[in-house]
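Examining the three-dimensional arrangement
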Amino acid sequence: MEIKGVNLGNWLVLEKWMSPGLWRGTTAEDEYYLPRQLSKEAYEARIKIHRSEYISERDFARIAEMGMNTVRIPVPYFIFGDREPFIGCIEELDKAFDWAEKYDLKILIDLHTAPMSQNGFDNGGLSGVCKWAQLPDEVEFVLNLLEKLADRYGERKGLFGIEPINEPVSEEMWEGMGVQKRYPPIDKELAEGSAPISFEWIKGFYDKAFERIIPKIKDDAYVVFHDAFRIDAWEEYLTQEKFKGKVILDTHQYLMVAEMLGCEQTLEAYKAYIKEKLETEIEKIEKYVPVVVGEWCIFNSLCVGMDTKGGQTILNGVDPSKAAELNAEEKRKIYMELSKAHLEAWSKGSGYFYWTYKMLLDTTDKAWQGWDCWDLAKSIDMGWFPSHV
């Protein structure tokens, strides 16, 4: 089966830029600080309303109608409600499986955050801090959590697979992105000792996660390993006999990263990058292991009308007031061409998951001009992405 999928980002794992209203009245930039800046009652009320309204059965019907066959659901490490002050969300995942099965969709459960963070990104739940891999008790907590998820959903018809950890940060990405500059830690003491995760360490963790998950899931479900931002490094490891037919490699490919690496901000340059670099890499990897692009979108600085410096926003100190404005037809042409170029590249692998299904952004606010293309449902409605892929 070729995966045609979408992420349910910002439902069970929050990202401020995707739903700014949820954070009103606080200065929190990540999920760690949100409950620490609200009263218990206010936090619980906001979270419960958000989760019940953001995604419902109707959305699963829409996703199926779009021509998608799989959803990737980011979940937090506190999903079982055992890490105060956070509120668990296992009931929501139960509902998601019921809805997915009703509309003939599969689910990839993606553990998106870890205690003390695996990357220091805002989407890792704790900006500027990356210490999870150095804390043996917290690593064990995550392995136990993965086992509990496998126990609960392992035999469900709707299970596509389990992803043991999202985006563990490599040395190259830690340095290249300047993580602690881009996502400054609030508590310098807490952030002390933060460091990227070595390739040897992540391989050891994946071995343990695989051993915990595989005995508990059905034969046609997978363990999905994120490439840890090292797309070319996996052949020797993943061609081990024990992984055959059981493992998929997940890579995340965004044009904003290409821009960070120096890609010119023109339609021609973007298309050349997709064709010559991404398509070639995907084709090469697919020869030895199935590969999916677990996150991507058509976002680019050209359509924003200014250099976003690798996808930075007003939250990162970028001033959007000088952005040029493209007309609707120009944007439609650029976005649709990029959608088709990406889909052609991903067809050389085992499929993709767009980031993300929906957002709550007000793009009449110039600060967010050009950011609505992260929203797949809107992109389809606007003619930026093919309907019924």
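Residues numbered from 1 in each chain as written. Predicted model: local features only at pLDDT ≥ 70, side-chain atom pairs only at ≥ 80, totals over all residues. Heavy atoms only, no water.

So, the nonpolar core
The following threshold applies: In this text, buried Ala, Val, Leu, Ile, Met, Phe, Trp, Tyr and Cys residues form a nonpolar core when linked through side-chain atoms within 4.5 Å. Each residue's exposure class comes from its accessible area (1.4 Å probe, protein chains only) as a fraction of the maximum for that residue type: buried when under 20%, exposed when over 50%, partly exposed otherwise. Every helix listed is a DSSP run of H or I at least four residues long, and every strand listed is a run of E at least two residues long, numbered separately from the N terminus.
Ranked by size, the top nonpolar core spans 132 residues in total, and within it Ile 73, Leu 93, Ile 109, Phe 205, Trp 234 and Trp 374 carry the most contacts. Ranked by residue count, the leading element in this core is helix α5 (residues 136–153), at nine residues. With eight residues, the next largest nonpolar core counts Phe 121, Cys 130, Val 169 and Trp 174 among its residues.

Side note on helix α2 (residues 40–54)
How we decide: Expected helix span is given by 1.5 Å per residue-to-residue step, counting one fewer step than there are residues. Contacts are assigned to residue pairs that have any heavy atoms within 4.5 Å of one another.
Helix length check: α2 (15 residues) gives 21 Å between terminal C-alpha atoms against 21 Å at 1.5 Å per residue, within 8%. Buried positions along α2 lie against α1 (34–37), α3 (57–65) and α4 (90–102).

Things to note about the pairing of strand β6 (residues 247–252)
Keep this limit in mind: Strands pair, by our definition, only if DSSP identifies at least two bridges between them.
With respect to burial, β6 is a largely interior element, six of its six residues being buried. Covered by surrounding structure in β6 are Val 247, Leu 249 and Thr 251 together with Ile 248, Asp 250 and His 252, the residues of both alternating faces. The pairing of β6 with strand β7 (residues 291–295) spans four bridges and is parallel. By the bridge assignment for β7, His 252 is matched with Glu 295.

A few points about unusual backbone geometry
Residue Glu 84 is joined to Pro 85 through a cis peptide bond whose omega torsion reads 5°. Structurally, the position occupied by Pro 85 is in the loop between β2 (70–75) and α4. In this structure, Thr 356 follows Trp 355 across a cis peptide bond, with omega equal to 15°. With respect to the helices and strands, Thr 356 occurs in the loop between β8 (351–354) and α15 (376–381). The phi dihedral of Ser 117 is positive, around 65°, even though this residue is not glycine.

Topic: the pattern of salt bridges
Put simply, the rule reads: The rule for a salt bridge is simple: a side-chain nitrogen of Lys or Arg has to be within 4 Å of a carboxyl oxygen of Asp or Glu.
All told, the structure shown has 32 salt bridges when counted by the stated rule. In this structure, the salt-bridge partner of Asp 98 is Arg 156, at a minimum N-O distance of 2.8 Å. Remark: Arg 156 occurs in the loop between α5 and β4 (159–163) and Asp 98 occurs in helix α4; sequence separation between them is 58 residues. Classification of Asp 98 as partly exposed rests on a relative accessible area of 44%. Taking relative accessible area as the criterion, Arg 156 reaches 23% and is therefore assigned partly exposed.

A look at the packing of aromatic side chains
Here is the rule we go by: Aromatic contacts are taken between Phe, Tyr and Trp rings whose centres are within 6.5 Å, Trp giving its six-membered ring; a plane angle under 30 degrees counts as stacked, one over 60 as edge-to-face, and the others as tilted.
Overall, the coordinates contain 34 aromatic pairs when judged by the stated rule. Taking the centre distance of 4.4 Å and the plane angle of 15° together, the rings of Phe 78 and Phe 86 count as stacked. Comparing Phe 78 with Phe 86 shows no difference in burial state: the two are buried. Considering the side-chain rings of Phe 199 and Trp 234, the 4.9 Å spacing of their centres and the 80° angle between planes classify their relative orientation as edge-to-face.

Considerations on α4
Helix length check: α4, at 13 residues, gives a terminal C-alpha distance of 19 Å against a target of 18 Å (1.5 Å per residue), a fit within 8%. Of all the residues in α4, the buried ones are Ile 90, Glu 92, Leu 93, Ala 96, Phe 97, Trp 99 and Ala 100. Among the structural elements, α2, α3, β2, β3 (106–111), α5 and β4 are those in contact with the buried residues of α4.

Observations regarding the environment of His 226
This is how it is decided: Distance and chemistry together define a polar contact, namely a pair of N or O atoms within 3.5 Å, with one atom able to donate a hydrogen and the other to accept it when in protein, and with adjacent residues in sequence counting only for side-chain atoms on both sides.
Assignment of secondary structure puts His 226 in strand β5 (residues 222–226). Put simply, His 226 and Asp 110 are 116 residues apart on the chain and 9.8 Å apart in space, counted from C-alpha to C-alpha. What His 226 contacts, discounting residues up to four positions off in sequence, is Glu 163, Ile 165, Glu 167, Pro 168, Tyr 206, Trp 234, Leu 249, Asp 250 and His 252. A polar contact is formed between the side chain of His 226 and the backbone nitrogen of Ala 228, at a distance of 2.8 Å. A distance of 3.4 Å separates a polar atom in the side chain of His 226 from a polar atom in the side chain of His 252.

Quick word on the packing of α4 against α5
To keep things clear, this is the line we draw: In this analysis, axes come from line fits to C-alpha atoms, helices being fitted only over the stretch in contact, and the angle between any two N-to-C directions falls in the range 0 to 180 degrees. Note: crossing handedness is left-handed where the near helix turns anticlockwise from the far helix by less than a right angle, and right-handed where it turns clockwise. Here the term charged refers only to Asp, Glu, Lys and Arg, the term nonpolar to Ala, Val, Leu, Ile, Met, Phe, Trp, Tyr, Cys and Pro, and the term polar to all other amino acids, Gly among them.
The N-to-C vectors of α4 and α5 enclose an angle of 40°; their axes lie 12 Å apart at closest approach. The two elements α4 and α5 meet at a crossing, and its hand is right-handed. Residues Ile 90, Leu 93, Asp 94 and Phe 97 of α4 form the contact with α5, whose participating residues are Leu 149, Arg 152 and Tyr 153. A class-by-class count of the residues in the contact of α4 with α5 yields five nonpolar, no polar and two charged.

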